[in-house]
Amino acid sequence: AGFSTSFAVAHVSGMGVLSQCDQNQALRLCLGSTAVGAQYGAISALSINNDCSRLLCGFAKGQITMWDLASGKLLRSITDAHPPGTAILHIKFTDDPTLAICNDSGGSVFELSFKRVMGVRTCESRCLFSGSKGEVCCIEPLHAKVELRDHPITQYSLLAMASLTKILVIGLKPSLKVWMTFPYGRMDPSSVPLLAWHFVAVQNSVNPMLAFCRGDVVHFLLVKRDDTGAIHVTKQRQLHLHYDLINFTWINSRTAVLLDSVEKLHVIDRQTQEELETIEISEVQLVYNSSHFKSLATGGNVSEALALVGEKACYQSISSCGGQVFYLGTKSVHVMTLRSWRERVDHLLKQERLTDALALAWSFYEGKAKAVVGLTGDTSKRKAVIADRMVEILLHYADRTLKKCPDQGKIQVMEQHFQDVVPVIVDYCLLLQRTDLLFNQIYDKMSENSVAKGIFLECLEPYILSDKLMGITAQVMKDLLLHFQDKNRLENLEACIVHMDITSLDIQQVVLLCWENHLYDAMIYVYNSGMNDFISPMEKLFKVIAPPLNAGKSLTECIKNAFSPLFYSCCLAGRAYPLGDIPEDLVPLVKNQVFEFLIRLHSTEGSVDEEVYPYVRTLLHFDTREFLNVLALTFEDFKNDKQAVEYQQRIVDILLKVMVENSDFTPSQVGCLFTFLARQLAKPNNTLFVNRTLFDQVLEFLCSPDDDSRHSERQQVLLELLQAGGIVQFEESRLIQMAEKAEFYQICEFMYERELRYDKIIGCYLRDPVRKVSKSGASGNFFFPAAQPVHSVVLLRLKKCPPLDNALSPLVVQDQFLLFQFLRSLLDPREGINQDLIHLPPCVTEQFIELLCQYSPDQVLETLKVLEYCRLEETIQITQKHQLHEASSYLLEKKGDIHGAFLVMLERLQSKLLMLTQDDETELPLLENIEDTLMKTIALSNAFVSPETFTSRASSFPHLLDVPHLEVKKSSLTMQVLNNMAAFIALPSILQRILQDPVYGKGKLGEIQGLVLGMLDTFNYEQTLLETTTNLLNHDLHWSLCNLRASVTRGLTPKQDYCCICLQQYKRRQETADEIIVFSCGHLYHSLCLLSKECGAVTKGLMRWMCYKCNSSNKGGKLSENFSELKKGSGASLAQVSVSRGEPPSCSESLLDPQQIQAFDQLCRLNRGTSRLALLTELSRSHSGEKHGLLSVSHGDPATSSVFQNENFQLHLAPPPLAED
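Parameters at a glance
Residues numbered from 1 in each chain as written. Predicted model: local features only at pLDDT ≥ 70, side-chain atom pairs only at ≥ 80, totals over all residues. Heavy atoms only, no water. Helix = DSSP H or I, 4+ residues; strand = E, 2+ residues; numbered from the N terminus. Buried < 20%, exposed > 50% of the residue type's maximum accessible area, 1.4 Å probe, protein only. Areas by Shrake-Rupley, 256 points an atom, 1.4 Å probe, with all protein chains shown as cover. Phe/Tyr/Trp six-rings, centres within 6.5 Å; stacked < 30°, edge-to-face > 60°. Pairing = 2+ DSSP bridges. Lys, Arg positive; Asp, Glu negative; His and termini not counted. Salt bridge = Lys/Arg side-chain N within 4 Å of Asp/Glu carboxyl O. Polar contact = N/O pair within 3.5 Å; in protein donor to acceptor, adjacent residues only side chain to side chain. Contact = heavy atoms within 4.5 Å. Core = buried A, V, L, I, M, F, W, Y, C linked by side-chain atoms within 4.5 Å. Axes fitted to C-alpha atoms, helices over the stretch in contact; angles between N-to-C directions. Parallel < 35°, antiparallel > 145°, perpendicular 65-115°, else oblique. Nonpolar A, V, L, I, M, F, W, Y, C, P; charged D, E, K, R; others polar. Expected span 1.5 Å × (residues − 1). Bend = angle between axes of the 7 residues up to and from the residue. pLDDT = per-residue confidence, 0-100. Patch = residues over 30% accessible without salt bridge, like charges linked within 9 Å, V, L, I, M, F, W, Y side chains within 5 Å. Left-handed = near helix turned anticlockwise from the far one by under 90°.

Peer 1: I'd like to hear about the overall build of the protein, residue by residue, with values.
Peer 2: Helices and strands together make up the secondary structure of the protein, namely 46 helices and 32 strands. Within the span of the protein, comprising 1221 residues, buried residues form 46% of the whole. Working note: accessible area of the protein is about 62,400 Å², and carbon and sulfur atoms make up 52% of it.

Peer 1: Tell me about the packing of aromatic side chains, residues and numbers included.
Peer 2: With the rule as written, the count across this model stands at 12 aromatic pairs. Ring centres of Phe-182 and Phe-212 lie 6.5 Å apart, and the angle between their planes is 80°; this geometry places the pair in the edge-to-face category. Of the two residues, Phe-182 is situated in strand β15 (residues 177-183) and Phe-212 in strand β17 (residues 205-214); the sequence distance between them amounts to 30 residues. In this structure Phe-212 comes out as buried when scored by relative accessible area, which is 0%.

Peer 1: Summarise the pairing of strand β24 (residues 274-280); cite the residues concerned and give the values.
Peer 2: As defined by bridge partners, strand β23 (residues 264-269) adjoins β24 across 6 bridges and the pair is classed as antiparallel. If you follow Asp-269 over to β24, its bridge partner there is Glu-274. In this antiparallel pair of consecutive strands, β23 and β24, the connection spans 4 residues, and Gln-273 shows a positive phi of 60°.

Peer 1: Can you tell me about unusual backbone geometry, naming the residues and giving the values?
Peer 2: In the segment running from Lys-173 into Pro-174, the intervening peptide bond is cis, with an omega of -10°. Tracing the sequence through the fold places Pro-174 in the loop between β14 (166-171) and β15. A positive phi is found at Glu-743, a non-glycine position, where the angle reads about 60°. Along the chain, Glu-743 turns up in the loop between α24 (732-741) and α25 (745-754). Under the relative-accessibility criterion, Glu-743 is labelled partly exposed at 44%.

Peer 1: Pulling in residues and values, what's your account of the pairing of strand β28 (residues 1076-1079)?
Peer 2: What you see with β28 is no split at all: Ile-1076 and Val-1078 on one side and Ile-1077 and Phe-1079 on the other are buried throughout. Bridge count between β28 and strand β29 (residues 1084-1086): 3 bridges; the pairing is antiparallel. Considered in β29, the bridge of Val-1078 is made with Leu-1084. The loop that links β28 with its antiparallel partner β29 comprises 4 residues; one of these, Gly-1082, has a positive phi angle of about 100°.

Peer 1: So, the side chain of Arg-270: which residues are in play, and what are the values?
Peer 2: Inspection of the secondary structure puts Arg-270 in the loop between β23 and β24. Within the buried set, Arg-270 has no salt-bridge partner at all; the shortest N-O distance to an opposite charge, 7.5 Å, is to Asp-269. A polar atom in the side chain of Arg-270 sits 3.0 Å from the backbone oxygen of Ser-253. Beyond its immediate sequence surroundings of up to four residues, Arg-270 is in contact with Val-200, Met-209, Phe-220, Trp-250, Ser-253 and Arg-254.

Peer 1: How would you sum up the nonpolar core? Please name residues and give values.
Peer 2: If you look at the biggest cluster of nonpolar residues, it comprises 78 residues, and the most contacted ones within it are Ile-442, Phe-456, Leu-460 and Ile-497. Looking at which element gives the most residues to this core, the answer is helix α7 (residues 411-431), with 10 residues. In this structure Ile-442 touches Leu-394, Leu-395, Ala-398, Ile-425, Cys-429, Leu-437 and Phe-456, once residues within four positions along its chain are discounted. Grouped together as the second largest cluster of nonpolar side chains are 70 residues, Met-538, Val-717, Met-738 and Cys-748 included.

Peer 1: Give me the packing of helix α23 (residues 711-723) against α25: which residues, what numbers.
Peer 2: Where α23 contacts α25, the two axes come as close as 9 Å, and the packing angle between them is 20°. It follows from the interaxial angle that α23 and α25 lie roughly parallel. Along the contact surface, α23 presents Gln-715, Gln-716, Leu-718, Leu-719, Leu-722 and Gln-723, while α25 presents Tyr-745, Gln-746, Ile-747 and Phe-750. Across the contact of α23 with α25, the residue classes break down as 6 nonpolar, 4 polar and no charged.

Peer 1: Hey, could you go over helix α9 (residues 450-465) for me, with residue numbers and the actual values?
Peer 2: The terminal C-alpha atoms of α9, which comprises 16 residues, lie 24 Å apart, in line with the 22 Å expected from a rise of 1.5 Å per residue. When α9 is considered as a whole, its buried residues turn out to be Val-451, Ala-452, Gly-454, Ile-455, Phe-456, Leu-457, Cys-459, Leu-460, Glu-461, Tyr-463 and Ile-464. Buried residues along α9 sit against α6 (379-403), α7, α8 (435-446), α10 (474-486) and α11 (490-497). Structurally, the start of α9 carries an N-cap: the backbone nitrogen of Val-451 is 2.9 Å from a side-chain oxygen of Asn-449. Asp-467 sits one or two positions beyond α9 and adopts a positive phi of about 60°.

Peer 1: Describe the sheet that holds β14, naming the residues involved and giving the relevant values.
Peer 2: Strand order in this open sheet of 4 strands is β12-β13-β14-β15, and the pairing throughout is antiparallel. In the strand order of this sheet, the two ends are held by β12 (136-141) and β15, each with one partner. Adjacent strand axes in the sheet meet at a mean angle of 15°, parallel and antiparallel pairs treated alike.

Peer 1: Give a description of the sheet that holds strand β4 (residues 43-48) that names residues and reports values.
Peer 2: Strand order in the open sheet formed by 4 strands is β4-β5-β6-β7, with antiparallel pairing between adjacent strands. The open sheet has two free edges, formed respectively by β4 and β7 (74-78), since each of these has just one partner strand. Taken pair by pair, the neighbouring strands of this sheet meet at an average axis angle of 15°, ignoring direction. Sheet topology note: the strand β5 (residues 54-59)/strand β6 (residues 64-68) ladder contains 5 bridges and is antiparallel. When the sheet's bridge partners are listed, Leu-55 is paired in β6 with Trp-67.

Peer 1: Describe α7, naming the residues involved and giving the relevant values.
Peer 2: Three- or four-residue spacings in an α-helix give side chains the same orientation, since the helix completes a turn every 3.6 residues. Across its 21 residues, α7 extends 30 Å between first and last C-alpha, which sits within 8% of the 30 Å expected from 1.5 Å per residue. Bending of α7 peaks at approximately 30° at the position of Gln-419, with proline Pro-423 no more than four residues after it. The set of residues buried in α7 consists of Met-414, His-417, Phe-418, Val-421, Val-422, Val-424, Ile-425, Val-426, Tyr-428, Cys-429 and Leu-430. Check the buried side of α7 and you find it contacts α5 (354-366), α6, α8 and α9. Gln-433 sits one or two residues past α7 and shows a positive phi near 60°.

Peer 1: Explain the confidence of the model for the protein to me, using residue names and the numbers behind them.
Peer 2: Taken as a whole, the protein shows an average pLDDT of 75; of its residues, 72% reach a score of 70 or greater. Per-residue pLDDT stays below 50 along residues 773-793; that stretch engages in 27 contacts with residues further than four places along the chain or on separate chains. Long-range and interchain partners of residues 1209-1221, a stretch whose pLDDT sits below 50, account for 15 contacts in this model, where long-range means more than four residues apart.

Peer 1: Describe the pattern of salt bridges, listing the residues and the values that go with them.
Peer 2: Per the counting criterion, the structure on display carries 23 salt bridges. Its salt-bridge partner being Lys-173, residue Asp-96 comes within 2.9 Å of it at the nearest N-O pair. Placement of Asp-96 in the loop between β8 (88-93) and β9 (99-104) and of Lys-173 in the loop between β14 and β15 is noted, with a sequence separation of 77 residues between them. The class for Asp-96 is partly exposed, based on a relative accessible area of 22%. Between Lys-294 and Glu-311 there is a salt bridge whose closest N-O contact spans 2.6 Å. Taken together, the residues Lys-294 in the loop between α2 (290-293) and α3 (304-309) and Glu-311 in the loop between α3 and β25 (318-321) connect sequence positions 17 residues apart.

Peer 1: So what's going on with the environment of Phe-848? Which residues, and what values?
Peer 2: Here Phe-848 lies in helix α30 (residues 842-855). For the pair Phe-848 and Leu-823, spaced 25 residues apart in sequence, the C-alpha separation works out to 6.1 Å.

Peer 1: Mind laying out a nonpolar patch on the surface, listing which residues take part and the relevant values?
Peer 2: Together, Leu-1088, Leu-1091, Val-1098 and Met-1103 make up an exposed nonpolar region whose accessible area comes to about 330 Å². Secondary-structure assignment places Leu-1091 in helix α41 (residues 1087-1092). Given a relative accessible area of 40%, Leu-1091 falls into the partly exposed group.

Peer 1: Explain the packing of α6 against α7 residue by residue, including any values.
Peer 2: With their axes 11 Å apart at the nearest point, α6 and α7 run at an angle of 160° to one another. By the angle between their directions, the pair α6 and α7 is classed as roughly antiparallel. Helix-helix and strand crossings are classified by hand; for α6 and α7 the assignment is left-handed. Of the residues in α7, those touching α6 at Met-390, Leu-394, Tyr-397, Ala-398, Thr-401 and Leu-402 are His-417, Phe-418, Val-421, Val-424, Ile-425, Tyr-428 and Cys-429. Here the contact of α6 with α7 is built from residues that sort into 11 nonpolar, 2 polar and no charged.

In structure tokens, the structure reads:
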């Protein structure tokens, strides 16, 4: 029980004495006596009412007493409230001081109503729940705080009860009514049911929530009252744990403290289900209520199920009050208290972890912190309190930073010191929106140190660029500009200026600074935003850009960026540059001003010989395409009124006058203009007028046959013009004629495709010089329209190709290469053309391979691997003709002549070795090539996989040793051959072959000394390995048989004396046909129960059984699989015992049957790790590969095949959970 000023402790020593202490552990009252203890037994339950004036005591022999805590007088002694002979397990006051609830060891629940009639105190008892319907072992009435006493649900006086099979929520008022019944599934019978109420805020309303726990699962049930007065209980999310609970206590609506069966406290956040802290309290020596649940004081007349639950019951030893949890030990009382938010912050400050303290305080400010204690009031009030504390920490942080700054040393050390701290201070000041603190007190402190001041100013940049800081005091802004200018960080300075509020800037200072340092973006921003002047910056920029453009000089990068089309496009679109928007009332005015400025006939300070429309001319010279794109976007925004139409037509006329009547513009620029005009004219609501004669002049200009310069550029410009819709401005027949005359084959292709004349397109492809030098990736387009003329043209072209043998003329060679490109695009499957749709004679494919051997011999092998339709004999002749040995070997192997393929590779190896002996300068790359060829040759020799070809494979390796200079030049290559020979040829034969060699037979055995010693070492190693393996296998067999014999002959001891399925004791059942089955795992069952769960089957006349609990709990969904194995004759347990009714379990000997053989395998898997033979094999593999090298054979990637990489072999470790302070 909990109360506000004192805590009552009952010493369960059989004395029946109750002591009451205050907060200073001073004894205030001593209630009862040893005589009462002798009569009533030990105190088993306590409860104090809301105003701490009355105390109820329940005793082990069933009596109940009520005490006055003010005077210490005994007010009531109740002996007939419940059946005699049962102990009081729980006694609880409700919010009504005249009503209490008690629960006895019989599992019954009673309502106690206290009355005073004519000065006589009485007590009336009413049974709420009878233990004959299910024993209740935990009760919890709903208590409401003073501020929640008016909650509509408190009028029902709710009571939660937990029995061994279900929980109930009932209302005591105005009449007894059951509001909810919640049965829980099969649980561990020894787990303790727990109940705890608390009011929580869910969906903007405060309602009681009931936490129900049993085992390792916590259920949260939300209780609500609807408008009709009915109570509804809804399930919330569950909390699944990895430990069994024996107590659940609410600290507040979000935080709970859980105690597990090994006496560890777990602080849990309810909403996130996060474990915040874990504490070991075994030193408390917690008092358990087992004796009362077993009712030892009254003779132990309780059920075994209730007694089993009582083994871990500690209901009366744990109490909570005001955010504190009290734990009663055998010799002392311990209090667990959550630190308040201030204490948690101060704890970090004492450790000088100021950054962590600020982060924790900010989590309190945002409302994201967990287990918060000490914050009261509404959200704004809580934030104000936390903000004041954070300001104190920030000022302290700034002072500490300046004091801890190193006085001596490198400047980089000081900069790093402030860079670690100053951004944190700035960040939290801005998060708290305390710019006054940041730019006054904090900045004044940082200004004391020049390094700290510079770091502070640089820290402001990211906040300014992200628009989190737009207003700065005049002094800070002035210092910021000077600092960036001194550091020569002008680009950063310009980016900051355009993001600042114009009222924070000294316009005169900023404008002078921008002009001096060519910060044109910032200058434009100041003029536009500060003075609403959009024309002056344009005039100044034109003065800067016009002279170098007219002189043909290159522009600097900053001028290019400032004069980008984005600037005047923003102005024409009514947007500010580079950021923001123009006020809506100024948008029409700005547009008109900018247009009038651009189309001025002469500039303000222009010379006498200045050309007309200087501003338009300058923009066109600067970037024609982008300027026209801006105009196109501007035309889209124009409304269809008379003034807009006049503006558009006027601009078009000016563009034509400037570009067409002037020879300064390139064909590409002129083409861009007419492409722009074609797009505008193609619009459905077009109102522009352009003389069609101008398009004819442009066509003449682009297709001029007398001018060969910029041929591809002219063709591309005309193509873009046609694709933009300008084709309607030309006569198509004349256009094709002029394009053919100018050799504009792409234009011809475009026109032929419109007319569906695909046969003409092939001619364009073959005559186009651009496609002759590049791979024809579009040849597949010829066959998309299945027209007969196209196929005819293709075949005609193939027939007209010159013969392949005639390669004398360069023209012929060029035609051959063109044919090769065409055939490769046509026949190579990697080009994406479906080969099933093409039916060509084999001679065409062979012609393609012949050309491939000439022009791309390195790609022949890869092409043959993907080429499907080719004749092997003819193709082999072609590759042999061009001496492509690898391709010939591949084709011979594909044909089935592996021996012939081997001879071809052998010949290639001999030729390369001969080149190696003749040319020493290219020894290294040749040697790598030789090694690659040698490995491919060895792989071919290993390709004989059938037993009848084993002899042929063994005979092929000595041919490799006959290769001249192999052993002379590089003994490592010889070693590779010998290593592969060892897998098929006996070691004595290899030695004999080496000694018969003329090179080594003349006494030059020094080079093979390591080889011979390695062979002898390998022999000794393999002999030792064989002996060790034999000993290991014999030892393992002996060990396994001994363990099996011991397992099948030992007696079986069941873990409990009741069936694990029906939970009935095996003695109580009276069925004569029933037997008792005991498994080696210790579980006990009735045979009929196992049969009901389909855990038994008859195999070969014998009944085979399988443990239901082990397979269902540990293997989940594999129960059906195990049962199918059981029917086949294999069992899941090592041994089983059948006993008759009423007799204790006894063991009978079993023979070694198939079930026990299966159990033996399972026993080996459980008691053995990775096989020692497997480990030894793995070690021998790495040892052999490193030291001997003779018999090393590749078995794939060791990272995937190594036993050390096996998941079952590796340790699975996890770091311990971190405990928060």
